[in-house]
Amino acid sequence: MAAKDSGGHFVRHRQPWTSDEVAKLRTLAAKGMGLKAIAKALTRSEESVQDRAKIDGIRIAKLR
């Protein structure tokens, strides 16, 4: 269940990426997996995966 602030709005808690997760992201992207599949494998949101890929310069095969 997602957390809500005092106003009842959903809050997104950002967890920092570990080096293991970034390495896994690189390997999955190199295998040609799509954004949804990578996000599901890493249990992260698609937006988070996309942002991290942009930061590290990783190309994901099927970006929507």
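Placed above this text is the structure.
Residues numbered from 1 in each chain as written. Predicted model: local features only at pLDDT ≥ 70, side-chain atom pairs only at ≥ 80, totals over all residues. Heavy atoms only, no water.

(A) How the structure looks around the pattern of salt bridges. Considering all chains together, one arrives at 2 salt bridges under this definition. Here Glu21 ties to Arg44 by a salt bridge, and the two come within 2.8 Å at their closest N and O atoms. Of this pair, Glu21 sits in helix α1 (residues 19-30) while Arg44 is found in the loop between α2 (35-42) and α3 (46-56), placing the two residues 23 residues apart along the sequence. Given the relative accessible area of 15%, Arg44 is considered buried. (Salt bridge = Lys/Arg side-chain N within 4 Å of Asp/Glu carboxyl O. Helix = DSSP H or I, 4+ residues; strand = E, 2+ residues; numbered from the N terminus. Buried < 20%, exposed > 50% of the residue type's maximum accessible area, 1.4 Å probe, protein only.)

(B) Region of interest: α1. Between the first and last C-alpha of α1 there are 17 Å, a value that for 12 residues agrees with the 16 Å anticipated at 1.5 Å per step. When we look at burial in α1, the residues that qualify are Glu21, Val22, Leu25, Leu28 and Ala29. The arc that holds the buried residues of α1, viewed along the axis, is 125°, so those residues lie on one side. For α1, the exposed residues set more than 90 degrees away from the buried face come down to Ser19, Asp20 and Ala30. Structurally, α1 contributes buried residues whose contacts are with α2 and α3. (Expected span 1.5 Å × (residues − 1). Arc of directions from axis to C-beta. Contact = heavy atoms within 4.5 Å.)

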